[in-house]
Amino acid sequence: MKTLKITLATALLTSLCFSTNVNAQEAVKKDPMQVARGAKAWAQTCNRCHNIRAPKELTDEEWEVSTTHMRVRANLPGDMVKDIIAFLQASNNERIEK
Amino acid sequence: MYQIFKKRILYAPLLTCALVISYSQAHSQETTIDVDDKIDELDDKIDELELLKKDLIGLKNNLEKKEETIRDKENKLDGEIRSINSLRNSMSVRESEPFSKWHLAGYADIGFESISGDTNDSFLAGKFNPSFHFQFKDWIMFESELEIETSNDGETELALEYSQLNFLVHDNLTIVAGKFLSPIGQFQERLHPSWINRSINGPAGFGHGGVQPSSDVGIMLRGGVSTSDDLIFTYSLAAGNGPRFGHDEDELELEGFGRDNDSNKSFGGRIALVHSSSLEFGFSYLNAGLNAEEELLEDGDLEPAKNADYRLWGADLAYSKGPWDIRAEYLNSKTTPTGMLLEEEVEEEEEEEGHGGAEPVNWKTWYAQIAYRLSEITDHPILAKIEPVVRYGQFRVRVEDTLISNSENRWNFGVNYWAAPTIVIKAGIERRNYILPERTDETRYLMQLAYGF
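The text that follows walks through the structure, step by step, so that each part is easy to find. Just so it is clear, the structure is predicted and the values come from calculations on it, not from any experiment.

Parameters at a glance
- Residues numbered from 1 in each chain as written.
- Chains lettered and ligands numbered in written order.
- Predicted model: local features only at pLDDT ≥ 70, side-chain atom pairs only at ≥ 80, totals over all residues.
- Heavy atoms only, no water.
- Helix = DSSP H or I, 4+ residues; strand = E, 2+ residues; numbered from the N terminus.
- Polar contact = N/O pair within 3.5 Å; in protein donor to acceptor, adjacent residues only side chain to side chain.
- Contact = heavy atoms within 4.5 Å.
- Patch = residues over 30% accessible without salt bridge, like charges linked within 9 Å, V, L, I, M, F, W, Y side chains within 5 Å.
- Areas by Shrake-Rupley, 256 points an atom, 1.4 Å probe, with all protein chains shown as cover.
- Salt bridge = Lys/Arg side-chain N within 4 Å of Asp/Glu carboxyl O.
- Buried < 20%, exposed > 50% of the residue type's maximum accessible area, 1.4 Å probe, protein only.
- Phe/Tyr/Trp six-rings, centres within 6.5 Å; stacked < 30°, edge-to-face > 60°.
- Core = buried A, V, L, I, M, F, W, Y, C linked by side-chain atoms within 4.5 Å.

Right, let's talk about the side chain of B:Arg190 for a bit. Looking at where B:Arg190 falls in the secondary structure, it is placed in helix 2 (residues 187-191). At 2.9 Å, the side chain of B:Arg190 forms a polar contact with the side chain of B:Glu280. Once residues lying within four places of it in the same chain are set aside, the contact partners of B:Arg190 are A:Arg48, A:Cys49, A:Arg73, B:Ile196, B:Arg270 and B:Glu280.

Structural data, given as structure tokens:
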């Protein structure tokens, strides 16, 4: 019985992880306002503890990891963090295009 | 007369016809001349058009040749673009979507300290705190921070600040397991790095021998939920091995222990509301059991067994918007000995051997800090980067209602210069007024350069 509970709990956790991942990818495609929301959240949230860091300070990949760290440390909602990542990466890409 | 009139009538039409015919002949001759001219003109135009046509055909042929050349070049370029795109796609897939990603962060600082009285002035090696973040997709993150510093006698000290696995279960839930920074209050978990802290050091009661737990080993559920467009509810609920008794009666060991000495877990955490106006209010609570077995000390004395309940609660407030950074925090903890029989035994031990077991101890601390960046009132390239800061705090420790010597009031005045958003030079004066007269007050002159990366 205990093994069954552990298995069910593991399956639930895994399915939640997968669903979150898929939802994130779909959201980027479907939501053109994500970058605008991310810019607002970036401006409001980061300076709750420290100075705002410019998008060009890190690469796209580093921002993804760094903001996930901040999601945990500052208890930021996951959807807000995805918006912030979208904004930071879009800002970095604008810089490259120039 | 009639005959004459008749003849005239008969001849009139004939004359008219003759006149008409002669006129028409004359007119037709003129028309023929005009048409010939027109025909000549048209012939000339046709010749011109023929020439133009020939020119246009030549031009067309040239354009067709050029178009063909361009098409060939376009085809070549298309081929090259396709091959470059193919290469770029393969590279970008490798670069942007690897399963595992990582980031090295952290901070370092150096400083100088001059303390009134007999203490020597010192350059401070400060700390080097590298922080490693490894992430697998958006499911799991492992993060760890080391603290490397030089001790007063020149030894290099290495400590593990935290080492935790974060399971990103849901947008609103992360499960943390391992050694984590204490979620109690706001200073220890979020503000203590020197490039974030507006003051040069921690407030009174937030270091060794203070109120604030530094870390714990266990499991934690945490996350944030947007309750409306303007409000976020955050929570951090943890269970861990908990604190232990310290060597001195007024001290607890509040660092995370790798093993639990009494199977009695600590439970607590922090809940907070964050408003979009940048106002945050948090409440913290921690409950643990403290148990230590009887122990033979190095000097041959016997340390009696100690048992106590440990409870901590606290509240914190923050407002950080634009040039303002305002924070206040209050923490109150106490140990209450458990087991009347044990207490009696402890008292007997104290009477017989001069040292005892658990005693009721109460720690209280609070601070308020205001920092203001001048960038709001000046565009001057240097002045705009200056940030005055002032902090006041109190720390009280009572053992059985008796105040002990490290109780103090502390003032900090400082000026920060932000060379970059993560690089700050701080200069400050700290005044420590100890409550008990046997301890001399101190004035400290401090400087620090901190870099967050």
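Moving on to a nonpolar patch on the surface. On the surface, B:Leu221, B:Leu237, B:Ile271, B:Phe283, B:Tyr285 and B:Trp313 cluster together to form a nonpolar patch covering roughly 530 Å² of accessible area. Classification of B:Leu237 as partly exposed rests on a relative accessible area of 45%.

A few words on the packing of aromatic side chains. Residue and element names in this part refer to chain B. Evaluated as defined, the whole model comprises 17 aromatic pairs over all chains. Judged by centre distance (6.5 Å) and plane angle (35°), the rings of Phe128 and Phe453 are tilted. Placement of the pair is Phe128 in strand 3 (residues 127-136) and Phe453 in the segment after strand 22 (442-452), with a sequence separation of 325 residues. Phe128 gets classed as partly exposed once you look at its relative accessible area, which sits at 38%. Ring plane angle 5° and centroid distance 5.5 Å describe the contact between Trp411 and Phe413, whose orientation is recorded as stacked. The exposure class of Phe413 is partly exposed, given its relative accessible area of 46%.

Right, let's get into the nonpolar core. Within the largest apolar cluster, 31 residues are counted, with the highest numbers of intra-cluster contacts made by B:Leu252, B:Tyr310, B:Leu312 and B:Trp363. Residue assignment for this core shows that the elements contributing at least two residues are helix 2, strand 12 (279-292), strand 15 (306-321), strand 17 (361-372) and strand 18 (386-399) of chain B. Other than its neighbours up to four places away in sequence, B:Tyr310 contacts B:Val211, B:Pro213, B:Pro243, B:Leu252, B:Leu254, B:Leu286, B:Asn287, B:Ala288, B:Leu290, B:Ser333, B:Lys334 and B:Thr335. With ten residues, the next largest nonpolar core counts A:Ala41, A:Ile84, B:Ile232 and B:Val274 among its residues.

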